[in-house]
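If you want the building blocks of each chain, they are given just below.
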Amino acid sequence: MILECDIGNTRCKWRVVDGDQVVERGSFALADGFENLVLTSQPKRVRVASVVEGDNLAGFTRFCAERGFSPELAHSTAESAGVVSAYNEAAKLGVDRWLGAVAGYKRIQGAVLVIDAGTALKADLVSAAGQHLGGYIAPGIALMESSLLAGTDKVRFDRQDYTAGVAFGCATADAVNAGMLAAQVGAVAVAIEEAKRRIPEGFAILLTGGDSVSIYKALGEAHEIEIVPELVLDGLQWLLP
Ligand SMILES: Nc1ncnc2c1ncn2[C@@H]1O[C@H](COP(=O)(O)OP(=O)(O)OP(=O)(O)O)[C@@H](O)[C@H]1O
Ligand SMILES: CC(C)(CO)[C@@H](O)C(=O)NCCC(=O)O
Ligand SMILES: [K+]
């Protein structure tokens, strides 16, 4: 059994796999600490994707030390499992993006646009031949929210579950929530247009990350999109076989 962790900038998503079976899974806010990762199974290996480092990984390091785990950390490389990085400095590409691109390409076995809507909104395009063609990094909903709060005096609001979608708001909270969602959906729509320009023959679109459902609903039915909640975790098997 293998414990797999996807440590993002705000949340940790984890699961324990036994072959292709998922034995258990969970997620928690990093701020709440790794004591929230309660295992009932007894994995022998630990595979990790982390976009945080240093002090922010101290809780994870302690978690592993207490259980005698020697975690294996995934890294972005120039080539993995048939996918070639677009970055000249391949190690600088966020490992979550690289795992998503590799897992997406393996899943589709063809051209794929991977959208990861987390703390940051990411897009990455891979051609049918496995060439990564680059992508986008933009603030996600949570970062838009904190920047609006930090940069204004009077934009005060409670975050909502986006049930109102992108309809114009008639009060601050409604206007902000719709506006933040519109910014995400707009970036995704432009990513799809840019991907069409690069790969006119077509490509699959995969959506992952904590805000994928809100974005999926607001995008409407113009695009055929598959939500794959654990795409980053799925990539670990290819980078750390
Ligand atoms: N149970 C939850 N608690 C908090 N946020 C949630 C929850 N479920 C979904 N979300 C949404 O998920 C977003 C975080 O997504 P995700 O976990 O993919 O981010 P992350 O991996 O920390 O970020 P990144 O990969 O960009 O560093 C939050 O902005 C929030 O809107
Ligand atoms: C963009 C984030 C923060 C999203 O998690 C991560 O992929 C990252 O730290 N990337 C490094 C910069 C880059 O990908 O070019
Ligand atoms: K992530």
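The structure displayed is predicted, hence computed values, not measured ones. (Residues numbered from 1 in each chain as written. Chains lettered and ligands numbered in written order. Predicted model: local features only at pLDDT ≥ 70, side-chain atom pairs only at ≥ 80, totals over all residues.)

## Quick word on the sheet that holds strand S2 (residues 11–18)
Inference 1: Spatially, five strands are ordered S3-S2-S1-S4-S5 in an open sheet, and the strand pairing comes out mixed. The sheet is open, and its two edges are formed by strand S3 (21–29) and strand S5 (72–73), each paired on a single side.
Inference 2: Where strand S1 (residues 2–7) and S2 come together, six bridges link them in antiparallel fashion. Opposite Ile2, over in S2, you have Val17 as the bridge partner.
Inference 3: Against the sheet, helix H6 (residues 231–239) touches S1, S2 and strand S4 (45–50), its axis set at about 125° to S1. (Pairing = 2+ DSSP bridges. Helix = DSSP H or I, 4+ residues; strand = E, 2+ residues; numbered from the N terminus. Contact = placed C-beta atoms within 7 Å. Axes fitted to C-alpha atoms, helices over the stretch in contact; angles between N-to-C directions.)

## A look at the site of ligand 2
Inference 1: The environment of ligand 2 is made up of Gly8, Asn9, Val51, Lys92, Leu93, Gly94, Asp96, Arg97, Gly118, Ala120, Lys122 and Ile137.
Inference 2: Every element with two or more residues in the shell around ligand 2 is listed here: helix H2 (95–108) and strand S9 (120–126).
Inference 3: When grouped by side-chain class, the residues that make up the shell around ligand 2 number four nonpolar, four polar and four charged.
Inference 4: There are two domains that each give the shell around ligand 2 at least three residues, and those are domain 1 (2–73) and domain 2 (79–140 + 171–239). (Near = placed C-beta within 6 Å. Nonpolar A, V, L, I, M, F, W, Y, C, P; charged D, E, K, R; others polar. Domains from an automatic or database assignment.)

## Quick notes on the sheet that holds strand S10 (residues 132–139)
Inference 1: The five strands lie next to each other as S10-S9-S8-S11-S12, forming an open sheet whose pairing is mixed. Edge positions in the sheet fall to S10 and strand S12 (225–227), since each of these pairs with one other strand and no more. Strand-to-strand twist of the sheet, defined as the mean angle between neighbouring strand axes without regard to direction, takes the value 15°.
Inference 2: Here strand S8 (residues 112–117) pairs with S9 via six bridges, running antiparallel.

## Points about the site of ligand 1
Inference 1: Of all residues adjacent to ligand 1, which total 15 residues, the nearest are Gly8, Asn9, Gly118, Thr119 and Gly210.
Inference 2: Residues that form the shell around ligand 1 fall into these classes: four nonpolar, eight polar and three charged.

## Some words on the UniProt feature "binding site: substrate" (unreviewed entry) in the chain
Inference 1: Listed under "binding site: substrate" (unreviewed entry) in the UniProt record, and renumbered for this structure, are Tyr87, Gly94, Val95, Asp96, Arg97 and Thr172. With the annotated positions falling across 86 residues, the maximum pairwise C-alpha distance of 40.5 Å shows that they are not confined to a single cluster.
Inference 2: Assignment of secondary structure puts Tyr87 in the loop between strand S7 (83–84) and H2.
Inference 3: According to the C-beta neighbour criterion, Tyr87 is partly exposed, with 15 such atoms within 10 Å.
Inference 4: Discounting residues that sit within four places of it in the chain, Tyr87 has contacts with Lys92 and Leu93.
Inference 5: Take Gly94: it is sitting in the loop between S7 and H2. (UniProt positions renumbered as here; feature names shortened; annotations may be inferred. Buried ≥ 20, exposed ≤ 12 C-beta atoms within 10 Å, placed from the backbone.)

## Quick word on the pairing of S8
Inference 1: Across the six residues that make up S8, a large majority, six, are buried.
Inference 2: Residues of S8 alternate between two faces, with Val112, Val114 and Asp116 on one and Leu113, Ile115 and Ala117 on the opposite face, all of them buried.
Inference 3: Linkage of S8 to S9, two consecutive antiparallel strands, is achieved through a turn of two residues.
Inference 4: Inspection of the sheet shows S8 paired to strand S11 (residues 204–208) by five bridges, in the parallel sense. Of the residues in S11, the one forming a bridge with Val112 is Ala204.

## Side note on the domain arrangement of the chain
Inference 1: What the domain assignment reports for the chain is domain 1 (2–73) and domain 2 (79–140 + 171–239).
Inference 2: Measuring from the centre of the C-alpha atoms in domain 1 to the corresponding centre in domain 2 gives 23 Å.
Inference 3: Each partner contributes to the interface: domain 1 provides eleven residues, whereas domain 2 provides eleven residues.
Inference 4: Those elements giving two or more residues to the side of domain 1 that touches domain 2 turn out to be S1, S2 and S4.
Inference 5: Top contributing element to the side of domain 1 that touches domain 2 by residue count: S2, with three residues.
Inference 6: Of the residues contributing to the side of domain 1 that touches domain 2, the split by class is two nonpolar, three polar and six charged.

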